[in-house]
Amino acid sequence: MATPLPSCLYSGNASFIEALYEDYLDNPSSVSDEWRTYFDQLQTQVVGDNKDRSHSSVVKAFEERAKQRKVTTTAAADEQIQNIEKKQVSVLQLINSYRFRGHRRADLDPLRQAERPDVPELGLSYHGLSDADLDTKFNTGSMPGEGSLTLREILYIMQTTYCQSIGAEYMHINETAQKRWMQERLETGNGIGALTDEHKKNILNHLIASTSLEEYLHNRYVGQKRFSLEGGESLIPMLDEIIQYGGEATIRECVIAMAHRGRLNVLVNIIGKQPGDLFGEFEGKNVSDSAGDVKYHLGYSSDISTAGGPVHLTLAFNPSHLEIISPVAEGSVRARQDRRHDNRHNEVLPVIIHGDAAFAGQGVVMETFNLSQTRGYSTGGTVHIVINNQIGFTTSDPLDSRSTLYCTDVAKMIQAPIFHVNGDDPEAVAFVARLAMEYRMEFNKDVVIDMVCYRKHGHSEADEPFSTQPLMYTKVKQHPGVMQMYIDKLVNSGVVTLPEAQGMRTRYVSSLDNNEVVSRPLVCTVDNKHAIDFSHVLGTNWRTEGDTRISPAKVTELTAQLTHVSKDFALHRSVKKILTQRKEMGAGDLAIDWGYAESMAYASLVDEGYPVRLSGQDCGRGTFFHRHAVLHDQTNGETYLPLQHISEDQANFLVINSTLSEEAVLAFEYGYSTSSPDDLVIWEAQFGDFANGAQVVIDQFIASCEAKWGRHCGLVVMLPHGYDGQGPEHSSARLERYLQLCAEENMQVCYPSVPSQMFHMLRRQIHRPYRRPLVIMSPKSLLRHKLSTSSVADLTDRGFQTVFDEIDEIK
C-alpha cells in the first residue's frame, strides 16, 4: 500500500501536493523520486481502474481507505515528508535570493579591480540545501516555463541570468505585474537572448565606428579636448538598439540629453552629423558671430531611418553643469508630446545619458525623478543611461562620490528597474537596451541602464590619470578594448573573418576621410508638420510692439466665462466674493485688480488659440490668494477651471501646482518653452527669492541660451514679493542680479506697478514677433492696494507702457 501522507493531504499544503500531482499526471518524471514512488503506489492501490483521476478523487479515495483500514502515519514517513516540504520552501527562497541579491555577484567590472563579493544568501547551505540535492526535482514557483526542474538546472538559470554580465535590480518594485513581466524576460534562456549573426555584425559595426572615430580624432588633433568615449564604446550600439526598437514601435521623435563624455561620438555615429563639420570645429573654421560654445556642448538634430519609418533625433545643447540638462530635455519632450496630442506619451521618447558621479551627486537628478510621474511633468517614462567610469570627474573615487552601494540607487525612489551591465559585453548591452525599451513602452515608467566601463584617458585628454589612480590605470593600459575583444569573439565563433572585420574598419575610416555620413541613413524628405518653427518670431528689436488690446465686447464675454460657475458648485465664501467682484470689474463698476487683469490676459490668449502653461508652487490658487485659476467645491472637493471653459475651440490652459522644486521645475519649463514658440509658458516662484535655488537655470540657459546656441525662448519668470518691505528674508529676488545678466537685449526685466501692465505684458509676450525671456518682479502688497488699480479702458484702449513717469507733483 502507498505510504500515507496525511500532513500534506489534510493541511494547508494540499495545494502544493495538488500541483505536484498534476505535474505527475502530465509527466511522471517531472517530480522527485520520492513523490513519483508515492504517486505510483497511490495510482495502483487507491485509484485502480477508476477513470476519475482528479486530485480530489484521489484524496477522497485515500481518506476512505484510510478510514477502512485505520491507517496511521509512521513517524519516519512524517519526517520524510516534512523534510521534502522544507526543502521545497528552501529552493523557492533560494530563487528569490538570486532575484534580490544576484546582482551583487554579477561580473560587471571590465577591469576586474576586485574579487566579486561573496553573497551568503546565494549559497545552498544558507537555505539548508546541499550538493546532495542537486539532482532532485523541485517546483520552481513563478519561474517561467512549466513543471519541475532539478536544483542543478535551477541554479544554472539563476546564475546565468543574474550573475554574469547583467545585474538586474527590480524586486524593489511594488507592482507584482511588473516584477513578473521582468522575470519572464530575464529568466528565459541565458539572460541575453538569441542574437542572429546579422545582429552581431551590426553590433560590431557600431563598435568599430565608436572606436575608430576616437582613434581618428586622437591622431589628427593631438592634445585637443574631446572627452573621448574610449572605454565606453558600447554606448553606440546601445543607443542604436534603443532608437531602432523605438522606430519599430510607435516612437517618432527622440530627445537625447548628455554631458561631455562621448558626445562627439554620438553626434557623428548616431545623430548623423557630417564628419567634416566636426573637423572644422576642431580646426576653428566653423565659428559663428555669436558668443558660441565649445564643440562638446553643441547639439544637433536629424531624421534617422528605422524599420518602422524615420525617427527625428535631437541631441540637446548642454552646459558644463552636467545634470541640469535632464529636466530641460524632459520639458522639451513634454512640449513635443503636447504638440502631437500624444496623450499616451508613446511618440516622443526622452533618453538621458549620465555620468556615475553626477547621477549620484547632483540633486537635480532626484528632483527630475520626482517629476516623472506627476500630472504636469510626466513624459511617459525616460530611458536613463549611466556611463559608469567608476571614477568621478578628475580623481574622485566612488568611496568619495556617494554613500550608496550603486550610483543608481537614487532611481529606486520611483521604483525604476535598474540594469547594471558590463560594458565589455556588447551583446548583453544590446539585450538590456531592448529590454529597457520594452519595459518603458509597456509600463510608461522610467528605466535605468548602468553601463559599467572605464575611462581610457583622464577627465579630458590633457589630464594624466596615473598620477592619482595608478592601480586602476595600469589595468586600463593593459586592456585591449571592447572592439578588439568582440572581433576576436566573432572570429572564433565563425560569425566574421578577420579580413572582414578589418575591411569594416577600413571602410569606416575612408568614409571619415570623404566626409560621408557614417550613422544610420538620414531621411531627407520627412513630414515636418510637428517641427518646431520659430521663423515668425525671430524679431530682434525689443521696441517692436504687438497689438495687445481687446474690444469692450470681448471683455464682457470673457468676464462672463471667467466668473461662471454652476449653481451646484459650492464655492468658498471668500472665493465667491472675489468672483462677484470680478463681474463688477468687467462691467466697469469696480476698479480692476491684479488677479482680474492676469486672468483676462490668459482668457484672451486661449480664446485666440494660444495655449497657456502656468506652473509653480501653489500657483493654482496663487500664494497670496489672488489668482484662483482652480476653484474647489467645498462639499465634495471637485475642481473647476473657468479658463478651460472660455470657448469651444479655445487653446489649452494648464495650471500645475508643482513639486517643491525650483531648479528642476524651472529647467523643465525652460525646455518646454524652447520647443513651443506659440505657447505662453510661465513659471512662478512662491517668493521671488526662491529663484535663488534655480540660479544655474537662469545663468546657463535663460540668460545665455541664444548667445551660446542660438536657442530662442519666450519663458516668463514671475518673482513675487520682490521688494515689499518684508526684510531680507523675502526681499532677495535681487532685481539688480537680473539686470546684471542683461546684455545685447538677451532678456527682459519688468517691474509692473498697475494691473493693466500685467495684462498687456503677458499678451505682448505672444503677440510680438519677438521671443526673449521675461522676468517679472510681480507684486505682493500691490495686489490689493487701492492706488494700484486699472480700468476696463486700460485694457481696451491702451497698450503696454515701457516706463511710467512720475505722477505726483515734484516740489
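Data block above holds the structure.
Residues numbered from 1 in each chain as written. Predicted model: local features only at pLDDT ≥ 70, side-chain atom pairs only at ≥ 80, totals over all residues. Heavy atoms only, no water.

Peer 1: Sorry, what's going on with the overall build of the chain here?
Peer 2: Helices and strands together make up the secondary structure of the chain, namely 28 helices and 18 strands. Within the chain, contacts between residues at least 6 apart in sequence are counted, and of these 78% link residues at least 24 apart. Roughly 34,900 Å² of accessible area belongs to the chain as shown, and the carbon and sulfur atoms make up 48% of that amount. (Helix = DSSP H or I, 4+ residues; strand = E, 2+ residues; numbered from the N terminus. Contact = heavy atoms within 4.5 Å. Areas by Shrake-Rupley, 256 points an atom, 1.4 Å probe, with all protein chains shown as cover.)

Peer 1: What am I meant to see in the pattern of salt bridges here?
Peer 2: A side chain of one charge can pair with a side chain of the opposite charge if their charged atoms are brought near each other. Per the stated rule, a full pass over the model turns up 36 salt bridges. Ionic pairing is found between Glu-169 and Lys-412, a salt bridge with its closest N-O pair at 2.7 Å. Linking Glu-169 in strand β3 (residues 166–169) with Lys-412 in the loop between α15 (398–401) and β9 (418–422), this pair joins segments that are 243 residues apart in sequence. You can call Lys-412 partly exposed: its relative accessible area is 31%. A network of salt bridges, in which partner residues are shared, links Glu-214, Arg-226, Glu-230 and Lys-456. (Salt bridge = Lys/Arg side-chain N within 4 Å of Asp/Glu carboxyl O. Buried < 20%, exposed > 50% of the residue type's maximum accessible area, 1.4 Å probe, protein only.)

Peer 1: Looking at this structure, how should I read the packing of aromatic side chains?
Peer 2: Each aromatic ring pair is characterised by the separation of its centres together with the angle its planes make. Inspection of every chain in the model, using the stated rule, returns 17 aromatic pairs. Measuring from ring centre to ring centre gives 6.0 Å for Tyr-602 and Phe-653, while their planes differ by 40°; the resulting arrangement is tilted. Placement of Tyr-602 in helix α22 (residues 594–607) and of Phe-653 in strand β14 (residues 653–657) is noted, with a sequence separation of 51 residues between them. There is no split in this pair, since Tyr-602 and Phe-653 are both buried. Three or more aromatic residues joined by ring pairs make a cluster, and in this case those are Tyr-216, Tyr-221, Phe-279 and Phe-282. Sitting over the ring of Phe-279, Arg-220 keeps its end group 4.6 Å from the ring centre. (Phe/Tyr/Trp six-rings, centres within 6.5 Å; stacked < 30°, edge-to-face > 60°. Lys NZ or Arg CZ within 6 Å of the ring centre and 35° of its normal.)

Peer 1: What should I look at first to understand the sheet that holds β14 in this one?
Peer 2: Picture the strands of a sheet paired through backbone hydrogen bonds; they go either parallel or antiparallel. Reading across from one edge, β14-β11-β15-β16-β18-β17 is the order of the 6 strands in this open sheet, with parallel pairing throughout. Because the sheet does not close on itself, it has two edges, and the strands there are β14 and β17 (748–750). Going across the sheet, the axis of each strand differs from the next one's by a mean of 15°, ignoring polarity. As paired elements, β17 and strand β18 (residues 774–776) share 3 bridges and run parallel to each other. The residue bridging Cys-750 from the neighbouring strand is Ile-776, located in β18. Most of the contacts of α22 go to strand β11 (residues 612–616), to which it runs at about 140°, and overall it touches β11, β14, β15 (680–684) and β16 (716–718). Along the sheet, helix α27 (residues 755–767) makes contact with β15, β16, β17 and β18, crossing β18 at roughly 165°. (Pairing = 2+ DSSP bridges. Axes fitted to C-alpha atoms, helices over the stretch in contact; angles between N-to-C directions.)

Peer 1: Looking at this model, I keep getting lost on the nonpolar core. Mind explaining?
Peer 2: Within soluble globular proteins, side chains that are nonpolar generally end up buried alongside one another. Membership of the largest hydrophobic core comes to 82 residues, with the highest contact counts inside it found for Leu-151, Leu-235, Ile-242, Val-351, Val-383 and Ile-385. With 11 residues, the single largest contributor to this core is helix α16 (residues 426–443). Excluding residues within four positions of it along the chain, Leu-235 makes contact with Leu-229, Met-258, Val-266, Ile-353, Ile-385, Ile-387 and Met-451. (Core = buried A, V, L, I, M, F, W, Y, C linked by side-chain atoms within 4.5 Å.)

Peer 1: What am I meant to see in the packing of helix α20 (residues 552–563) against α22 here?
Peer 2: Two quantities define a packed helix pair, namely the angle between the helix axes and the distance between the axes. α22 packs onto α20 with a crossing angle of 105° between their chain directions and a minimal axis gap of 10 Å. In terms of orientation, α20 lies roughly perpendicular with respect to α22. In this structure, α20 uses Lys-554, Val-555, Glu-557, Leu-558, Thr-559 and Leu-562 to contact α22, whose residues at the interface are Tyr-596, Ser-599, Met-600, Ala-603, Ser-604 and Asp-607. Taken together, the residues of the contact of α20 with α22 sort by class into 6 nonpolar, 3 polar and 3 charged. (Parallel < 35°, antiparallel > 145°, perpendicular 65-115°, else oblique. Nonpolar A, V, L, I, M, F, W, Y, C, P; charged D, E, K, R; others polar.)

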